[in-house]
Amino acid sequence: MKKKYSDARRQNEHRCGWVALMGPPNAGKSTLLNTFLGQKLAIVTPKPQTTRNQISGILTEPDAQVIFMDTPGIHQQRGKMNRVLLQTAWQALSGADAILVILDASLYVDRPDYLENDIKPMREAIAAEKRPVFAALNKIDVFHDKSKLLPLLQEVQDIWSSAELFPVSALTGDGLDILLKKIKAVLPAAPAQFPTDQLSTVPMRFMGAEIIREKLFLKLRQELPYHVAVEIEQWSEEPERRLLTIHAVIYVGRSTHKAMVIGKGGQTIKEIGTQARMDIEALTDMKVHLELWVKVREGWTEDLNFLQAISGASEAAEAFPSEEFDRNRD
Ligand SMILES: Nc1nc2c(ncn2[C@@H]2O[C@H](COP(=O)(O)OP(=O)(O)OP(=O)(O)O)[C@@H](O)[C@H]2O)c(=O)[nH]1
Ligand SMILES: [Mg+2]
């Protein structure tokens, strides 16, 4: 009798915990974070490896506070920049109460050969994991013929038997209610860690830099987005005038890239600036004066100090040495 009472009480207790969103690039991790929060916090583009930092989103509901940690995609590419990205992703894992792996279901219908490769690093990294692990098979909205989904679910389950699978669409919100309920149920019984109106742990100026980076990603072609970084040099608010002045530097690796970012007659950078300014105005509810400069910083993608300074990756990243991880993937 007594046990029944305490079980029932525990079910009604307020929950609070951290959930790491992990998975291959372009699977929809950032989209999922935004949909869970009902607000665009993390930048989203059709290009893989958009996310470079760990970005938290705080979902506060009457019964629980869930802090989602968006992360860079787990991939096989080498180079210092990719190593920092991987460290950032694994670092989020170390601080999580539960792990949510996101996979792009639509990809594996045409490319079933990618499935094993995408799941393998996750499965191996969390094989001995005691924390709850969920796997969201995302983008089910693209399956007009839902019968194609069942064999895929079976295939994922065969490769990763311990995972609890959830077919979802981060875009339409399909399947997210059930998933969120399951996530909440496994979080520690605890009071909220953040004020109920706080949406993220990352500062506004960082979000401003991210918005500029999103516009660069969307505007620039081919590989160029991967060779740009954004740093905010000045962020000054005048609350009485509801005015925000931002000076930001766009770093590129070569002078030819600088010319491409600026565009003919300055057209490209002008459009990037206008789009970014409008989004920052919507986010901050202030009038924004945005100035952008383009600077060449040769070889920045291989400059570890610079990468760490702009990525926020810290010493905690050492908990998951990427060398070892790279070997696992081979
Ligand atoms: N159709 C469909 N597209 C989606 C869905 N979720 C995400 N996408 C699209 O997939 C692309 C990648 O989405 P992101 O959220 O940036 O993916 P990510 O996993 O954060 O990618 P990285 O940060 O690059 O690792 C974007 O074009 C999204 O609009 C979904 O449920 N359905
Ligand atoms: Mg992302």
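Residues numbered from 1 in each chain as written. Chains lettered and ligands numbered in written order. Predicted model: local features only at pLDDT ≥ 70, side-chain atom pairs only at ≥ 80, totals over all residues. Heavy atoms only, no water.

So, on to the overall build of the protein. In terms of helices and strands, the protein carries twelve helices and nine strands. The C-alpha atoms of the protein give a radius of gyration of 21 Å, which matches the 20 Å a tight globule of 330 residues would have. Within the protein, the fraction of its 330 residues that count as buried is 49%. Pairs at least 24 apart in sequence give 73% of the contacts found in the protein among residues at least 6 apart. Carbon together with sulfur atoms contributes 51% to the accessible area of the protein, which is approximately 16200 Å² in total. Charge-centre separation for the protein: the mean point of 41 positive side chains lies 1 Å from the mean point of 43 negative side chains. (Helix = DSSP H or I, 4+ residues; strand = E, 2+ residues; numbered from the N terminus. Rg over C-alpha atoms; globule rule 2.2 N^0.38 Å. Buried < 20%, exposed > 50% of the residue type's maximum accessible area, 1.4 Å probe, protein only. Contact = heavy atoms within 4.5 Å. Areas by Shrake-Rupley, 256 points an atom, 1.4 Å probe, with all protein chains shown as cover. Lys, Arg positive; Asp, Glu negative; His and termini not counted. Charge placed at Lys NZ, Arg CZ, Asp CG, Glu CD.)

The next point concerns the coordination of the magnesium ion (ligand 2). The protein atoms that coordinate the magnesium ion (ligand 2) are S30 (OG) and T51 (OG1), at distances spanning 1.9 to 2.1 Å. Of the two residues, S30 is situated in helix α2 (residues 29–37) and T51 in the loop between α2 and β2 (55–61); the sequence distance between them amounts to 21 residues. Each member of the pair, S30 together with T51, is buried. (Donors = N, O, S within 2.8 Å, 3.2 Å for Na, K, Ca; no water.)

On to helix α5 (residues 113–125), then. Bending of α5 peaks at approximately 30° at the position of I119, with proline P121 no more than four residues after it. Considered for burial, the residues of α5 that qualify are L115, D118, I119, P121 and M122. (Bend = angle between axes of the 7 residues up to and from the residue.)

Mean pLDDT for the protein: 88, with 91% of residues reaching 70 or above. By mean pLDDT, helix α12 (residues 322–329) is the weakest element of the protein at 32, and strand β9 (residues 287–296) is the strongest at 98. A low-confidence stretch, residues 313–330 (pLDDT under 50), is modelled with 35 contacts involving residues beyond four sequence positions or located in other chains. (pLDDT = per-residue confidence, 0-100.)

The mixed open sheet is built from three strands, whose spatial order is β7-β8-β9. Here the strands that pair on one side only, and so sit at the sheet edges, are β7 (228–238) and β9. Pairs of neighbouring strands in the sheet enclose a mean axial angle of 15°, with direction left out of account. Of the strands in this sheet, β7, β8 (243–252) and β9 are in contact with helix α8 (residues 204–219), which crosses β7 at around 135°. (Pairing = 2+ DSSP bridges. Axes fitted to C-alpha atoms, helices over the stretch in contact; angles between N-to-C directions.)

Right, let's talk about the domain arrangement of the protein for a bit. Considered domain by domain, the protein is made up of domain 1 (2–186) and domain 2 (204–298). A separation of 30 Å is found between the C-alpha centroids of domain 1 and domain 2. Taken together, both faces of the contact between domain 1 and domain 2 bury some 1200 Å²; the carbon and sulfur share is 54%. Contact with domain 2 buries surface across domain 1, with I43, K47 and R52 losing the most and accounting together for 46% of the total. Counting every contact that joins domain 1 to domain 2 gives one salt bridge. (Domains from an automatic or database assignment. Buried area = accessible area lost by both parts, 1.4 Å probe. Salt bridge = Lys/Arg side-chain N within 4 Å of Asp/Glu carboxyl O.)

Next up on the list: the packing of aromatic side chains. Taken as a whole and judged by the stated rule, the model has six aromatic pairs. On the basis of an interplanar angle of 80° and a centroid distance of 5.4 Å, the ring pair of F217 and Y226 is categorised as edge-to-face. As far as burial versus exposure is concerned, F217 and Y226 are alike and both buried. An aromatic cluster of three or more residues is present, and its members are Y251, W300 and F306. Across the ring face of Y251, the terminal group of R297 is positioned such that the distance to the ring centre comes to 5.9 Å. (Phe/Tyr/Trp six-rings, centres within 6.5 Å; stacked < 30°, edge-to-face > 60°. Lys NZ or Arg CZ within 6 Å of the ring centre and 35° of its normal.)

This next bit is on the sheet that holds β2. Spatially, the six strands line up as an open sheet ordered β2-β3-β1-β4-β5-β6, and their pairing is mixed. Looking at strand neighbours, the two that pair on one side only are β2 and β6 (164–167), the edges of this open sheet. Ignoring strand direction, the axes of neighbouring strands in this sheet form an average angle of 25°. Across four bridges, the pairing between strand β5 (residues 133–138) and β6 is parallel. Bridging across to β6, L137 finds its partner in P167. The sheet contacts of helix α7 (residues 176–186) involve β1 (15–22), β2, β3 (64–70), β4 (98–104), β5 and β6, and relative to β3 the element is tilted by about 105°.

Moving on, we get to α2. In terms of residue burial, α2 counts as a mostly covered element, since seven of its nine residues are buried. Buried residues of α2: K29, S30, L32, L33, N34, F36 and L37, and no others. Residues of α2 that are buried sit in contact with β1, β2, β3, β4 and α7.

Turning next to the pairing of β1. When you tally the buried positions in β1, you get eight out of eight residues, the bulk of the element. Neither face of β1 is open: one carries R15, G17, V19 and L21, the other C16, W18, A20 and M22, and all of them are buried. Pairing geometry for β1 and β3, over six bridges, is parallel. Across the sheet, V19 pairs through a bridge with F68, a residue of β3. With four bridges connecting them, β1 and β4 associate as parallel partners. Note that in β4 the partner of M22 across the bridge is V101.

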